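Descriptive analysis of the structure
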Amino acid sequence: MRRYIIKRLILVLPTLFIVFSLIFLIIRLIPGDVVEMMVFEQGFADDTEEIRAMLGLDQPLYKQYYKYIKGIFSLDLGTSLWSGEPVINELSRRLPVSFQLACMAIFWAFVTGILFGVISALKQDKPLDYIVRTIGIGGLSIPDFWLAILIVVFGAILFKWVPPTNYIPFTRNPLGNISQFIVPSLVLSLYMSASIMRMTRTMMLEVMREDYIRTAIAKGLSVRVMIIRHALKNALIPVVSIMGLQLAFLIGGTIIMEQIFVLPGMGKYLLNAITWRDYPVIQGINLFISTLIITINLIVDLIYGLLDPRIRYQ
């Protein structure tokens, strides 16, 4: 197991280096120049060269890249070109919002996906099975941003409900904070929940046809004990892999949900940074998100190794 973990950790390093380099290069291919926006659109100053030198954008690209990589190792992500605030401070203020939204969405997706997947498998070809499968297909087919917009529009027209425009901190009002995140987290979890439900149903049906399950039932084990002790553990192995892949899409989805439901997280900050070509902010947020996704996939690989003992010796 130790060799497997070390091997996975070594493979992460070149992946991170390639991702960091792509983030730096792709951002500078975005059409538009932040200095021209400051001068011609916002009237910050008259001399573009002076601003370019002040922001360090007059240096050759390789020097900017060296400074960027050096800053990563010293946890210095630079300062915002517009606000002058350190990017790391801006991220630390917005990270709890995005983290809470993603965690609540993962919780809904895992609970509902596993629960309805097991129910659908136990009620195979029954009316309840068809209802759950239909809802699952709907969850895979309906774009989450479209559903979120519908909820906001019809909620305002029919129920006079609109998302709170001010963020409610958990330390100040726990119930108000959780209620503010329930709707966006449920919408965000829909696609992931549907994927987990379908995979759980498929694997449960396959596992329940195995000989050891029939033996467990013949010994008189209850359905609940048979599912929890024998069927669900083996059925969850591919589900964990699906969750690892879906988490990347889920984290990307937080950007849209924060914009629609007016949550001051990293996603909303990223959209504003792209609009204003704030390179350090865009780099910092993408750096954090990509590192988080790679780390999550690494954890999923390790969990996969724990669930399947054969992985440990490869």
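Being a predicted model, the structure only gives us computed values, none of them experimental. (Residues numbered from 1 in each chain as written. Predicted model: local features only at pLDDT ≥ 70, side-chain atom pairs only at ≥ 80, totals over all residues. Heavy atoms only, no water.)

**Structural notes on a nonpolar patch on the surface**
A surface patch of nonpolar side chains, amounting to about 1100 Å² of accessible area, comprises Ile 142, Phe 145, Trp 146, Ile 149, Val 153, Phe 154, Ile 157, Leu 158, Phe 159, Trp 161 and Ile 256. Counting residues per element, the nonpolar patch draws most heavily on helix H7 (residues 144-158), which supplies seven residues. Tracing the chain through its elements places Trp 161 in the loop between H7 and helix H8 (174-207). (Patch = residues over 30% accessible without salt bridge, like charges linked within 9 Å, V, L, I, M, F, W, Y side chains within 5 Å. Areas by Shrake-Rupley, 256 points an atom, 1.4 Å probe, with all protein chains shown as cover. Salt bridge = Lys/Arg side-chain N within 4 Å of Asp/Glu carboxyl O. Helix = DSSP H or I, 4+ residues; strand = E, 2+ residues; numbered from the N terminus.)

**Structural notes on the pattern of salt bridges**
Two side chains carrying opposite charge are able to pair once their charged atoms lie near each other. Using the criterion set out here, one finds five salt bridges in the structure. Here Arg 201 makes a salt bridge to Asp 129, at a shortest N to O gap of 3.0 Å. In this pair, Arg 201 is assigned in helix H8 and Asp 129 in helix H6 (residues 127-141), connecting sequence segments 72 residues apart. Residue classification places Arg 201 among the buried residues on the basis of a relative accessible area of 12%. Several salt bridges converge on common partners, so that one network encompasses Glu 90, Arg 93 and Arg 94. (Buried < 20%, exposed > 50% of the residue type's maximum accessible area, 1.4 Å probe, protein only.)

**Points about helix H10 (residues 223-260)**
Over its 38 residues, H10 extends only 43 Å from the first C-alpha to the last, a length that falls short of the 56 Å expected when each residue adds 1.5 Å. Downstream of H10 by one or two residues, Val 262 has phi in the positive range, about 55°. (Expected span 1.5 Å × (residues − 1).)

**Describing the packing of aromatic side chains**
Inspection of every chain in the model, using the stated rule, returns five aromatic pairs. With centroids separated by 5.3 Å and ring planes inclined at 65°, the aromatic side chains of Phe 24 and Tyr 65 adopt a geometry described as edge-to-face. Taken together, the residues Phe 24 in helix H1 (residues 2-27) and Tyr 65 in helix H4 (residues 61-73) connect sequence positions 41 residues apart. On the accessibility criterion, Phe 24 (1% relative accessible area) is buried. Summarising the aromatic geometry, the rings of Phe 107 and Trp 108 are spaced 5.4 Å apart at their centres and angled 65° between planes, so their arrangement reads as edge-to-face. An aromatic cluster of three or more residues is present, and its members are Phe 24, Tyr 65 and Tyr 68. Sitting above the plane of the Tyr 269 ring, Arg 94 keeps its charged end 3.9 Å from the centroid. (Phe/Tyr/Trp six-rings, centres within 6.5 Å; stacked < 30°, edge-to-face > 60°. Lys NZ or Arg CZ within 6 Å of the ring centre and 35° of its normal.)

**Considering the layout of surface pockets**
By volume, the largest pocket amounts to about 460 Å³. If you go around the largest pocket, you meet 22 residues; those closest to its centre are Leu 55, Lys 67, Gly 78, Thr 79 and Pro 280. Residue assignment for the lining of the largest pocket shows that the elements contributing at least two residues are H4 and helix H12 (279-307). Of the residues belonging to the lining of the largest pocket, the class tally is 10 nonpolar, nine polar and three charged. (1 Å grid on protein atoms, 1.4 Å probe; cavity = no way out; pocket = protein on both sides within 12 Å on 5 of 7 lines; lining within 4 Å. Points joined across faces, edges and corners; volume = space filled by probe spheres on them. Nonpolar A, V, L, I, M, F, W, Y, C, P; charged D, E, K, R; others polar.)

**A look at the environment of Phe 17**
Relative to the helices and strands, Phe 17 is located in helix H1. Distance from Phe 17 to Arg 3, taken between C-alpha atoms, is 22 Å for residues 14 residues apart in sequence.

**Remarks on a negative patch on the surface**
Negative charge collects at one region of the surface, where Asp 47, Glu 49, Glu 50 and Asp 58 lie side by side. You can see Asp 47 is positioned in the loop between helix H2 (34-41) and helix H3 (48-55). (Lys, Arg positive; Asp, Glu negative; His and termini not counted. Charge placed at Lys NZ, Arg CZ, Asp CG, Glu CD.)

**Section: unusual backbone geometry**
For Asp 125, which is not a glycine, the phi torsion comes out positive at approximately 60°. Tracing the backbone through its elements, the reader meets Asp 125 in the loop between helix H5 (87-122) and H6. In the Ramachandran plot, Lys 160 falls in the positive-phi region, its phi being about 55° despite a non-glycine side chain. Relative to the helices and strands, Lys 160 is located in the loop between H7 and H8.

**Observations concerning the environment of Gly 71**
Locating Gly 71 in the fold gives a position in helix H4. Gly 71 gets classed as buried once you look at its relative accessible area, which sits at 8%.

**Regarding the packing of H7 against H8**
Between H7 and H8, whose axes approach to 9 Å, the crossing angle comes to 150°. When the interaxial angle is binned, H7 and H8 end up roughly antiparallel. Of the two elements, H7 crosses H8, and the hand of that crossing is right-handed. Residues Asp 144, Leu 147, Ala 148 and Ile 151 of H7 touch H8, and the partners they reach there are Val 183, Val 187, Leu 188 and Leu 190. For the contact of H7 with H8, the class distribution of residues is seven nonpolar, no polar and one charged. (Axes fitted to C-alpha atoms, helices over the stretch in contact; angles between N-to-C directions. Parallel < 35°, antiparallel > 145°, perpendicular 65-115°, else oblique. Left-handed = near helix turned anticlockwise from the far one by under 90°. Contact = heavy atoms within 4.5 Å.)

**Some points on the nonpolar core**
Of all hydrophobic cores here, the largest spans 72 residues; its most connected members are Tyr 68 and Met 204. Residue contributions to this core peak at 15 residues, all from H10. Not counting residues up to four positions away in its chain, the partners in contact with Met 204 are Val 118, Ala 121, Ile 227, Ala 231, Leu 232 and Ala 235. (Core = buried A, V, L, I, M, F, W, Y, C linked by side-chain atoms within 4.5 Å.)

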